[in-house]
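Coordinate analysis (summary)
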Amino acid sequence: MCTAAAFRSKDFYFGRTLDYEFSYGDQVVILPRSYPLHYLEQETQSRHYAMIGMACVMEDTPLFYDAVNEKGLAIAGLNFVGNACYHSHAPGKENIAQFELIPWLLSQCASVAEARKRLECMNILDTPFRPGLPAAQLHWLIADREGSLTVESVAEGLMIYENPVGVLTNNPPFPMQMQNLANYRHLSPDPVEATFGPGLSLPQYSRGMGALGLPGDLSSQSRFVRVAFTKLNSRCGESEEESVSQFFHILGSVDQQRGCCHLGEGKYEITLYTSCCNTDRGIYYYTTYDNHRIIGVDMHREDLEGGSLIRYAPVTKERIPIQNAPKGDGV
């Protein structure tokens, strides 16, 4: 299970949590402009926009979980098990495999508007990356500083939805997630007046009671409500430090702790990593389950004209400084 969000202060930020029971060897990957992109049914791209994101690299192919290109367009793929449906070759369409969708769009689209035009003539193929590795059942959040889309390939075809909250989790399908938000339309960050009945004094006994009823469980529908409420009511300064910190706090509202989601046989779903990318500056920040110190990778400090993948293994071990340690050993 996962959660993705788009957030704007002075700059535009995009990121996600990846919640699962194990890692596939994820890495922060920078794909420069001259790295060849091969597709099953499309021509190889020898030149394209550069991009950065978290990916599992197999056979020199980055399988991106989330990524941002140098123009500020961002995409994240999230589990959509039981509802995602891909299709066989469709004549007259741009046939793109599920694992090709993120690089296909980010390589050539500079905005959500451009991505939407490509999606309108796209068919997502059910071809796996390789035998024995089934196509992941996903749907996608696509965003730039002007707006967000949710894209779902289902039995009826490819559905493209305007996403006014800039948030995505997993099941149910996006229209049902938005309809469910109406059940929480009374929530407020402000104190609320008692309307239970006339003449009855019901004083507030705690701060934060305007949000009474905000779901706190780990289900995808509840996480959608909680992150949407947190994000839409979020306030922060415009500096990079304040904005990045606030974004991690927003996604921290749905952090999954080991032990709270038991999958059987001693396995637990946890938040393997949380990402936040400043799409205007091309800086990809992340934390991992055992490292809460924010780490950044700046794509513009690399040779974006190169032809080789640039890869960084995530920092996964916590370093806890002691503030009153001897000089040189502290913070």
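Here the structure is a predicted model, which is why all the values come from computation and not from measurement.

What follows covers the overall build of the protein. When helices and strands are counted, the protein shows five helices and 18 strands. For the C-alpha atoms alone, the extent of the protein along its principal axes is close to 70 × 60 × 45 Å. Per-residue burial for the protein yields a buried fraction of 50% across its 331 residues. Here the contacts in the protein between residues at least 6 apart in sequence split such that 66% fall between residues at least 24 apart. Put simply, the protein shows about 16200 Å² of open surface, and 51% of that area lies on carbon and sulfur atoms.

What follows deals with the sheet that holds strand β3 (residues 27-31). The antiparallel open sheet is built from eight strands, whose spatial order is β11-β10-β9-β6-β5-β4-β3-β18. Unpaired on one side and paired on the other, β11 (157-162) and β18 (310-312) mark the two borders of the sheet. Across the sheet, the mean angle from the axis of one strand to that of its neighbour is 30°, orientation sign disregarded. Direction of pairing for strand β4 (residues 51-58) relative to strand β5 (residues 61-69): antiparallel, over a ladder of eight bridges. Across the sheet, C56 pairs through a bridge with L63, a residue of β5.

For helix α2 (residues 112-119), every residue scored as buried is listed here: V112, A115 and L119. End-on, the buried residues of α2 take up no more than an arc of 60°, which puts them together on one face. Exposed residues pointing more than 90 degrees away from the buried face of α2 are listed as A113 and K117.

Of all the seven residues making up strand β1 (residues 2-8), six are buried; the element is thus mostly covered by neighbouring parts of the structure. Connecting β1 to the next strand, strand β2 (residues 12-20), in antiparallel fashion are three residues. Taken together, the two bridges between β1 and strand β12 (residues 167-168) define a ladder with antiparallel strand orientation. Looking at β12, one finds that A5 is bridged to V167.

For the largest pocket, the calculated volume is near 870 Å³. Lining of the largest pocket is provided by 37 residues; of these, Y24, Y65, N79, A136 and L138 occupy positions nearest its centre. Take the lining of the largest pocket: its biggest share by element is four residues, from β2. Taken as a whole, the second largest pocket spans an internal volume of roughly 360 Å³.

Moving on to unusual backbone geometry. With an omega dihedral of 0°, the bond running from N171 to P172 counts as a cis peptide bond. Mapping P172 onto the fold places it in the loop between β12 and α3 (174-181). The phi dihedral of E265 falls on the positive side, at around 55°, and the residue is not glycine. Following the sequence through the fold, E265 ends up in the loop between β13 (262-264) and β14 (267-268).

Another point: the sheet that holds strand β17 (residues 291-298). Read from one edge to the other, the open sheet built from six strands follows the order β12-β1-β2-β15-β16-β17, with strand pairing classed as antiparallel. At either margin of the open sheet sits one strand with a lone partner, and together these are β12 and β17. Across the face of the sheet, helix α4 (residues 220-232) comes into contact with β1 and β12 while running at roughly 15° to β1.

Pairs can form between side chains of opposite charge whenever their charged atoms are close. Taken as a whole and assessed by the stated rule, the structure comprises eleven salt bridges. Several salt bridges converge on common partners, so that one network encompasses R33, R47, E70 and E305.

Applying the stated criterion across every chain yields a total of nine aromatic pairs. An angle of 85° between the planes, with centres 5.0 Å apart, marks the rings of Y39 and W104 as edge-to-face. Taken as a pair, Y39 in the loop between β3 and β4 and W104 in helix α1 (residues 101-106) lie far apart in primary sequence, 65 residues in all. Cluster of aromatic residues (ring-pair linked, three or more members): Y20, F22 and Y24.

One pass over the structure, following the stated rule, counts zero disulfides. Left without a disulfide partner, C56 is nearest to the cysteine sulfur of C2, which lies 14 Å away.

Definitions and cut-offs
Residues numbered from 1 in each chain as written. Predicted model: local features only at pLDDT ≥ 70, side-chain atom pairs only at ≥ 80, totals over all residues. Heavy atoms only, no water. Helix = DSSP H or I, 4+ residues; strand = E, 2+ residues; numbered from the N terminus. Buried < 20%, exposed > 50% of the residue type's maximum accessible area, 1.4 Å probe, protein only. Contact = heavy atoms within 4.5 Å. Areas by Shrake-Rupley, 256 points an atom, 1.4 Å probe, with all protein chains shown as cover. Pairing = 2+ DSSP bridges. Axes fitted to C-alpha atoms, helices over the stretch in contact; angles between N-to-C directions. Arc of directions from axis to C-beta. 1 Å grid on protein atoms, 1.4 Å probe; cavity = no way out; pocket = protein on both sides within 12 Å on 5 of 7 lines; lining within 4 Å. Points joined across faces, edges and corners; volume = space filled by probe spheres on them. Salt bridge = Lys/Arg side-chain N within 4 Å of Asp/Glu carboxyl O. Phe/Tyr/Trp six-rings, centres within 6.5 Å; stacked < 30°, edge-to-face > 60°. Disulfide = S-S within 2.5 Å.

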